[in-house]
Amino acid sequence: ILLILPMAKAQTVEKAFKSEYFYILVIDGPRYSETYGDSSCTQIPNLCKQLKPQGTFFENFSNNGKTLTVPGHTAIMTGVYQKISNIGAGLPKNPSLFQYYLKQRRKPSHDAQIIASKGKLNVLADSKNKTWQKETKPTSFCGPKGDVLRYGPDSETIKMVKDTVSSQHPPHLLLVNLLGVDTWGHGNNWNKYLENIRLTDRYALDLWNTIQSNPILKDKTTLFITNDHGRHLDGIKEGFKEHGDGCEGCRHISLLVLGPDIPKNQTLKNAAEMIDIPSTIAHMMHLDFPTGKGRFLSELFDNLENNK
């Protein structure tokens, strides 16, 4: 008698992660050469010396789509590169990871939030896909006092972020945009550009410490710290003042991941890209994310056992 046994459950059960909350901090528009590309980490001492040893860093991380603010953030949210207006005049073609989460878990809109210094990023809260449009929209607070037509100071944005993260009911998903670096780059003010890199470096540490100080989030939160694009290298077009093409300066960005499931003091050299962020979060949350084109960054966890 031939006995055919069903496949063992262990082969079909996905890994259980400790993280329940997933936050993405997007520092808008620094060049890699002024951040991690500087071995002395002059402008980002907190990211390099305090946060990086606590997590995993991807040194070969890229924006492989349009290297502009709205297209970059759209890729991070939807897992798809697309041509989209950079002035906030159109919606993403595909639903975001935040929309999938709200719909599949049947959660209220405030459980997935977008808080951005740039008002035009309000478009990330919806999709032009008719099945998703105006349905399961995350809460969005973009621009000064929520004015989607304007840009607000990062100091106000980070204050609202900290208040949100410190609350008794913090969102399970959060995207944050800080604009200062990009704004002063476009202003062709080198000193202010560097000053704002240093400011966002402090804001990143402040956000992580705020997460750790909330017992609801401590040891249950993964934080992705990344960029939407870089800037032209010196000698290319207008240099650091602009961005938007496929040059190395515009494409090469950074990703630092911190959290209870993430190996500490790990640097990965393999190529990864911004559309991998939502796909990785979806995998860790056990969400269906069929429209996302990125991959699960499984290499994050390859050395986890040896890292404990």
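Anyway, here's the lowdown on the structure attached to this text.

## Remarks on the packing of helix α4 (residues 154–165) against helix α6 (residues 190–213)
Running from N to C, α4 and α6 cross one another at 15°; their axes reach a closest spacing of 9 Å. Comparing their axes, α6 and α4 come out roughly parallel. Relative to α6, α4 is oriented so that their crossing is right-handed. Residue-level inspection shows D154, S155, I158, V161, K162 and V165 of α4 in contact with α6, the latter providing Y203, D206, L207, T210 and I211. In terms of residue class, the contact of α4 with α6 is made up of 6 nonpolar, 2 polar and 3 charged.

## Side note on the packing of aromatic side chains
Tallying each qualifying case throughout the model produces 10 aromatic pairs. The interplanar angle of 40° and the centroid separation of 4.3 Å between the aromatic rings of Y36 and F57 together place this pair among those described as tilted. Linking Y36 in the loop between β1 (21–27) and α1 (45–51) with F57 in strand β2 (residues 56–62), this pair joins segments that are 21 residues apart in sequence. You'll find Y36 and F57 in the same group, each marked buried. On the basis of an interplanar angle of 55° and a centroid distance of 6.4 Å, the ring pair of F58 and F61 is categorised as tilted. According to the relative accessible area criterion, F58 is buried, its value standing at 0%. One aromatic cluster is present, built from ring pairs that chain together F17, F296 and F301. Here the basic side chain of K52 rests over the ring of F57, its NZ or CZ set 4.6 Å away from the ring centre. Note that K103 overlies the ring of W132, its terminal NZ or CZ placed 4.7 Å from the centroid.

So, how was this worked out
- Residues numbered from 1 in each chain as written.
- Predicted model: local features only at pLDDT ≥ 70, side-chain atom pairs only at ≥ 80, totals over all residues.
- Heavy atoms only, no water.
- Axes fitted to C-alpha atoms, helices over the stretch in contact; angles between N-to-C directions.
- Helix = DSSP H or I, 4+ residues; strand = E, 2+ residues; numbered from the N terminus.
- Parallel < 35°, antiparallel > 145°, perpendicular 65-115°, else oblique.
- Left-handed = near helix turned anticlockwise from the far one by under 90°.
- Contact = heavy atoms within 4.5 Å.
- Nonpolar A, V, L, I, M, F, W, Y, C, P; charged D, E, K, R; others polar.
- Phe/Tyr/Trp six-rings, centres within 6.5 Å; stacked < 30°, edge-to-face > 60°.
- Buried < 20%, exposed > 50% of the residue type's maximum accessible area, 1.4 Å probe, protein only.
- Lys NZ or Arg CZ within 6 Å of the ring centre and 35° of its normal.

Just geometry here; none of it tells us what the structure is for.
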